[in-house]
Amino acid sequence: MKDLLRLKTSLNEEIERILNEQVKVEAHSSAIYLAMSSWCDDQGFDFSAGYFAKQADEERHHMLKLFNYINDRGGKAISPEIVNVPKDFESFRSVFELALEQEMHVTAQFNNIAEKCFKVKDFVTFQFIQWFLAEQIEEEYVARRILEMFDVIGEEGTGRWEIDKHIPKVSYNAE
């Protein structure tokens, strides 16, 4: 029966496995961003709290996009268990450093998926993940620009308040 069901999917088993792993990565990223939002709110960084809440929503959207794709292709998407989500952070700057690290990790994961898709000639999935790779350009860019504000504005005196105030203004324009 399993072999018969397997015929209903056009996803390679390895591709299905790594896509389900990415579902978990996106869910974990969403949970981390939500924790960052809460921490920033607790510290009085209202704009950053809003920024991270928005990031959490985006990562959940990415997770669902992958989840639905797996199911739409006849695979079996797995709802991930999320563990090891930090609740406290070292500093305002460290929250954004962790965000950049997280985005760079996600980019590496999607590059790995693209490589495996090419290897097994799954060009449909390869095309599907191009959207995510393009999205990662924006995610990394914004995280880097925010971190640059810590160096340009500085954290002394009202510096952290100024940085927080400018967070919503940081954007990426590909043109």
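Conventions and cut-offs
- Positions within a chain are numbered from 1, following the residues in the order the chain's sequence is written.
- In view of the model being predicted, local features appear only for residues whose pLDDT reaches at least 70, and side-chain atom pairs are presented and counted only at 80 or more, with totals across whole chains, interfaces and linings using the full set of residues.
- Remark: hydrogens and water are excluded; side-chain values derive from all non-hydrogen atoms of the structure.
- UniProt positions are given in the numbering used here, feature names are shortened, and annotations may be inferred rather than shown by experiment.
- Put simply, DSSP H or I for four residues or longer makes a helix, DSSP E for two residues or longer makes a strand, and each gets a number counted from the N terminus.
- Note on definitions: a residue-residue contact is assigned when non-hydrogen atoms from the two residues lie within 4.5 Å.
- Think of it in three bands: residues with accessible area under 20% of the maximum for their type are buried, residues over 50% are exposed, and the middle band is partly exposed, with areas taken using a 1.4 Å probe on protein chains only.
- When charges are counted, neither His nor the chain ends are considered; positive counts come from Lys and Arg and negative counts from Asp and Glu.
- A side-chain nitrogen of Lys or Arg and a carboxyl oxygen of Asp or Glu constitute a salt bridge if their distance falls within 4 Å.
- In the analysis that follows, any N or O atom pair within 3.5 Å is treated as a polar contact, provided that within protein one partner can donate a hydrogen and the other can accept it, and provided that, for residues neighboring in sequence, both atoms belong to side chains.
- Two rings from Phe, Tyr or Trp (for Trp, the six-membered ring) form a pair when their centres are within 6.5 Å of each other. A pair whose planes differ by under 30 degrees is stacked, one over 60 is edge-to-face, and the rest are tilted.
- Helix axes are fitted only over the stretch in contact, all axes being lines through C-alpha atoms; the angle between N-to-C directions runs from 0 to 180 degrees.
- Any angle that is under 35 degrees is reported as roughly parallel, and any over 145 degrees as roughly antiparallel; angles of 65 to 115 degrees are reported as roughly perpendicular and all others as oblique.
- Two helices crossing with the near one rotated counterclockwise from the far one by less than a right angle form a left-handed crossing, whereas a clockwise rotation gives a right-handed crossing.
- Asp, Glu, Lys and Arg are counted as charged, while Ala, Val, Leu, Ile, Met, Phe, Trp, Tyr, Cys and Pro are counted as nonpolar; the rest, among them Gly, fall into the polar class.

(A) View of the UniProt feature "binding site: Fe cation" (unreviewed entry) in the protein chain. This chain's UniProt record puts "binding site: Fe cation" (unreviewed entry) on E26, E59, H62, E103 and Q136. For this annotated set, covering 111 residues, all C-alpha atoms fall within 12.8 Å of each other, a compact arrangement in space. One can find E26 in helix α2 (residues 13–43). When near neighbours in sequence (up to four residues on either side) are disregarded, E26 contacts E59, H62, M63, L66, V106 and F110. Looking at the secondary structure, you find E59 in helix α3 (residues 46–72). Judged by relative accessible area, which is 0%, E59 ranks as buried. Setting aside its immediate chain neighbours within four residues, E59 contacts E26, S29, S30, Y33 and E103.

(B) Structural context of the side chain of E139. Positionally, E139 belongs in helix α5 (residues 123–153). K54 is the oppositely charged side chain nearest to the buried, salt-bridge-free E139, at an N-O distance of 7.0 Å. Here Q55 takes part through its side chain, which lies 2.8 Å from a polar atom of the side chain of E139. In this structure E139 touches Q55, E58, H62 and E103, once residues within four positions along its chain are discounted.

(C) Focus on the side chain of S37. Mapping S37 onto the fold places it in helix α2. Residue S37 is classed as buried on the basis of its relative accessible area, which comes to 10%. Setting aside residues up to four positions removed in sequence, S37 forms contacts with A49, F52 and A53.

(D) Expanded view of the packing of aromatic side chains. Enumeration according to the criterion identifies 17 aromatic pairs in this entry. The interplanar angle of 35° and the centroid separation of 4.9 Å between the aromatic rings of F52 and F96 together place this pair among those described as tilted. Here F52 is found in helix α3, whereas its partner F96 is found in helix α4 (residues 92–119), with 44 residues between them in sequence. Across the pair, exposure class does not vary: F52 and F96 are buried alike.

(E) Representation of the packing of α3 against α4 in the model. Contact geometry for α3 and α4: axes closest at 13 Å, N-to-C directions at 15°. In terms of their interaxial angle, α3 and α4 are classed as roughly parallel. Crossing angle aside, the handedness with which α3 passes α4 is left-handed. The residues of α4 that touch α3, namely those facing S48, Y51, F52, Q55, E59 and L66, are F92, V95, F96, A99, E103 and F110. Looking at the contact of α3 with α4 residue by residue, the classes come out as eight nonpolar, two polar and two charged.

(F) Seen up close, unusual backbone geometry. At N84, a position not held by glycine, the phi torsion is positive, near 60°. Relative to the helices and strands, N84 is located in the loop between α3 and α4. If you check the backbone angles, K121 has positive phi at about 60° while not being a glycine. Inspection of the secondary structure puts K121 in the loop between α4 and α5. A relative accessible area of 63% places K121 in the exposed class.

(G) Main features of the environment of A143. In this fold, A143 is placed in helix α5. Judged by its relative accessible area of 4%, A143 falls in the buried class. A C-alpha to C-alpha distance of 9.1 Å links A143 and E101, two positions 42 residues apart in sequence.

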